[in-house]
Number of protein chains: 2
Amino acid sequence: MKKVRIALLGLGNVGRGVCMILNSNKEEIMKRSGYEVEIAKILVRDKNKPRGIDVSKELITTDFNEILNDDSIKVVLEMMGGIEPAREYMLQCMDKGKHIVTANKMLLATNGDELFEKADSNGLMFKYEASVAGGIPIINGIDESLTANKIKELYGIVNGTTNYILTKMESEGLGFDEALKEAQDMGYAEADPTSDIEGYDAQYKLAILSSLAFGTKIDIDNVYREGITNIKPIDMDYAKEFKMVIKLLAIVKENNEKLELRVHPTMIPKKHPLANVYDSFNAVFVKGNAVGDLMFYGRGAGDLPTGSAVVSDVIAILRSNIDLENNNSVVKNNLWDRKIADIKEVKSKFYIRASVLDEPGVLGEITAILGKYNVSLRSVIQKGDQNEEGNVTIVLVTHTTSQKQIYDSCNEISSLRSVNNIDNIIRIEDFKN
Amino acid sequence: MKKVRIALLGLGNVGRGVCMILNSNKEEIMKRSGYEVEIAKILVRDKNKPRGIDVSKELITTDFNEILNDDSIKVVLEMMGGIEPAREYMLQCMDKGKHIVTANKMLLATNGDELFEKADSNGLMFKYEASVAGGIPIINGIDESLTANKIKELYGIVNGTTNYILTKMESEGLGFDEALKEAQDMGYAEADPTSDIEGYDAQYKLAILSSLAFGTKIDIDNVYREGITNIKPIDMDYAKEFKMVIKLLAIVKENNEKLELRVHPTMIPKKHPLANVYDSFNAVFVKGNAVGDLMFYGRGAGDLPTGSAVVSDVIAILRSNIDLENNNSVVKNNLWDRKIADIKEVKSKFYIRASVLDEPGVLGEITAILGKYNVSLRSVIQKGDQNEEGNVTIVLVTHTTSQKQIYDSCNEISSLRSVNNIDNIIRIEDFKN
């Protein structure tokens, strides 16, 4: 049996998962890759930190050069996260002819092209399945299995924390703060949950998925982003009434030769497969011009699911027909130029919830303004009693319209004397175009 | 741009889809594969049959040797179906150094090992994504993306016809015959629907998936098979009452080092992702020891979805680091030996529906017999009025028990004077082990 020596950069959650998988599935990995995989070195910052896993002390190092300068190490697994020094380490490793597997979504979303180019020019393989949706093979899916397709649309539930929170709000009627607290108690949300609940994490992942699906470079700033902090139990109730649920979706669509890129809470029909993705599960729904509708569902995080993606990438490198000594990979990243749609022009159906004075003529004033901006209504709901301030809630559902039309008209509506506040605006996606 | 010449064996539904995709997605395919893909020849039986697609007449041939002996043809796409001459043609093509892409489930399920061995020994690539679940990349998923895992269980809705029929029965209360008729009218079921409704099609696909997932050779006769013809509206009603649905599942599980292989109607919880796979959609749910729960969902048939799988396989061959002239593929199929469980010993929970005389003591007699065979009951339901013959329906739900225990006890129960008939026995899968 041939042997291959690999190194790990980082021994956190994912690194531990990788060690566990390499150990427990050793026989399968040998049969499938044709190699005995040996961990040569593991780079950590603090040698003495407890790791919750039994790893020989001799493997642990704090000196990156021990890995960089060891020519017997052919594949390097980067699981440190963050931009630096992860970026610098990977570039240096590739200059030394080492193939790369990484789980680093932030780095890929911001500096991906530099890394891909280095891999291409050095004939190396660069794999990153673990960077999006943990154990779900969506990167491989798009990169290997859907290559016959023009991908037209992609919708992802790619952040487990927010999906857990929304599930709790939907199924148990919790408020956002309560649900977040529960997610933190369960270990699904971090002490500072900003990256998850404000949609930054999903934004990174959408940039990576879109780059791949549409063969282009995506600037992260071109991905529109809204978090879920403004979703209220009452919005969940209305969604239920419409036979819909609210999910934080990462969406990319090709529309009139432009790409729409956006992360925001979205009302989707209860019958849609994405609506039935609960708790911390992730899923990515893809429409291809040949394959039609396709969905991948699974665990988006966790040591073993993410480790599964990392180790499978290692095996893919070993099973490729590449010569590990000579770095003859011919897989290149051919990029297209794509235009990005301005979010203001991006069209959706919208749900608008407002609190207004309970008096005659209010609805007439509101619909007159919507008419002025060419926003056409599908339905209006007003029910329930006045609150203490004499306001009632009305909900408007629009036909397809641009964000600019909605924002402009809502701006004007909120200045009406009879309108107390526009409480929420949520996009609706019924997958019907 | 490099050019590669390919040949198609067969120009039916899938062949037409392949031609359409190669044409409409030409630019994407060139960028992704690095090759211009040219159809050199298409083998058909009848040159004059209308094909519903615009293909140059010079490409069409009825003479296989024109393909076999053309050394400029590097990849052959077999879409004829059936055992012979597909088998003989593929073997001959591989002897001439041609890589193979096939959609032939029947042939793979029965003679797969012979074909894989030929590919291995000739250093050729042999791809068959389209043989199971059409456009869903489940073969690639298992073969490329889940390689770090020991797969423990796999559950597939792999036959669109039966899923369409069961969906209609569930959602519209149709009887089996009516629903089948509708599936035939919609073009989802063939004039002779036996292969679908009796589970043969699913049996082939399960054999292919299990071979791959467990790295072993599966004899098709070791796959237990039951069709859906005995499912009645009343069974659907009871399932609904239990918050379950009935699906035709193809199941493989590893249990005590033995593989359970079975295709049968199964009651599953409404909340499970597989339960929400409707109409003619397919899905495959996999449990890996690292990745956890994973599901792939999409179109299991149709010219374009299946064509998507075929063309993506072609691109995978072109993108691999293989030298098309020298056939240096190093991917080998390493097989394990696996023991197969006897279906009599395979354990499930069971739903049993019987019609019995409406008189005191019947239930006591039945439970006494179940007790004798160590079958323990979870619930018993008796309701509704006597029918014309004075019978009432009772439904028994058991705890986990072997098929043999159920069949033996039901045999004895059905001989009771007070028992008119055991009307149905359906396995229950709650995914809890």
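Above this text sits the structure in question.
This write-up is about the structure you can find in this document. (Residues numbered from 1 in each chain as written. Chains lettered and ligands numbered in written order. Predicted model: local features only at pLDDT ≥ 70, side-chain atom pairs only at ≥ 80, totals over all residues. Heavy atoms only, no water.)

The interface of chain B with chain A comprises 54 residues on the first partner and 54 residues on the second. For the pair chain B and chain A, the summed buried area comes to about 5,000 Å², and 49% of that belongs to carbon and sulfur atoms. There are two salt bridges connecting chain B and chain A. Note that R319 of chain A and D143 of chain B form a salt bridge whose closest N and O atoms lie 3.5 Å from each other. Summed over the shared surface of chain B and chain A, the result is 24 residue pairs in polar contact (both at pLDDT 80 or more). Secondary structure elements with two or more residues in the side of chain B that touches chain A: α1 (13-24), α2 (26-33), α6 (138-145), β11 (281-288), β12 (292-299) and α12 (303-319) of chain B. Of the residues in the side of chain B that touches chain A, the class split is 26 nonpolar, 17 polar and eleven charged. (Contact = heavy atoms within 4.5 Å. Buried area = accessible area lost by both parts, 1.4 Å probe. Salt bridge = Lys/Arg side-chain N within 4 Å of Asp/Glu carboxyl O. Polar contact = N/O pair within 3.5 Å; in protein donor to acceptor, adjacent residues only side chain to side chain. Helix = DSSP H or I, 4+ residues; strand = E, 2+ residues; numbered from the N terminus. Nonpolar A, V, L, I, M, F, W, Y, C, P; charged D, E, K, R; others polar.)

A few words now on the packing of α6 of chain B against helix α10 (residues 200-213) of chain B. All names here are of chain B. Contact geometry of α6 with α10 gives a least axis separation of 10 Å together with a crossing angle of 10 degrees. Accordingly, the angle class assigned to the pair α6 and α10 is roughly parallel. Contact residues: α6 offers I138, I139, I142 and D143, while α10 offers I208, L209, L212 and A213. Taken together, the residues of the contact of α6 with α10 break down into seven nonpolar, no polar and one charged. (Axes fitted to C-alpha atoms, helices over the stretch in contact; angles between N-to-C directions. Parallel < 35°, antiparallel > 145°, perpendicular 65-115°, else oblique.)

In this section: unusual backbone geometry. Residue and element names in this part refer to chain A. Looking along the chain, the bond that leaves E84 and enters P85 is cis, with omega of 5 degrees. With respect to the secondary-structure elements, P85 resides in the loop between β4 (73-78) and α4 (86-95). Of note, the phi angle at K243 is positive, near 55 degrees, even though the residue is not glycine. The topology assignment puts K243 in the loop between α11 (233-241) and β9 (244-255). Of note in the backbone geometry, N256 takes a positive phi value of approximately 50 degrees without being a glycine. As for its placement among the helices and strands, N256 is situated in the loop between β9 and β10 (258-269).

Moving on: the pairing of strand β4 (residues 73-78) of chain B. Residue and element names in this part refer to chain B. Among the six residues that make up β4, six are buried, leaving the element largely enclosed by the rest of the structure. With five bridges joining them, strand β1 (residues 2-9) and β4 adopt parallel strand pairing. If you follow L8 over to β4, its bridge partner there is L77. Regarding topology, helix α4 (residues 86-95) serves as the crossover connection from β4 to the parallel strand β5 (residues 99-102), and that connection is right-handed. (Buried < 20%, exposed > 50% of the residue type's maximum accessible area, 1.4 Å probe, protein only. Pairing = 2+ DSSP bridges. Right-handed = clockwise from strand over helix to strand, strands pointing away.)

This is a description of form; function is not addressed.
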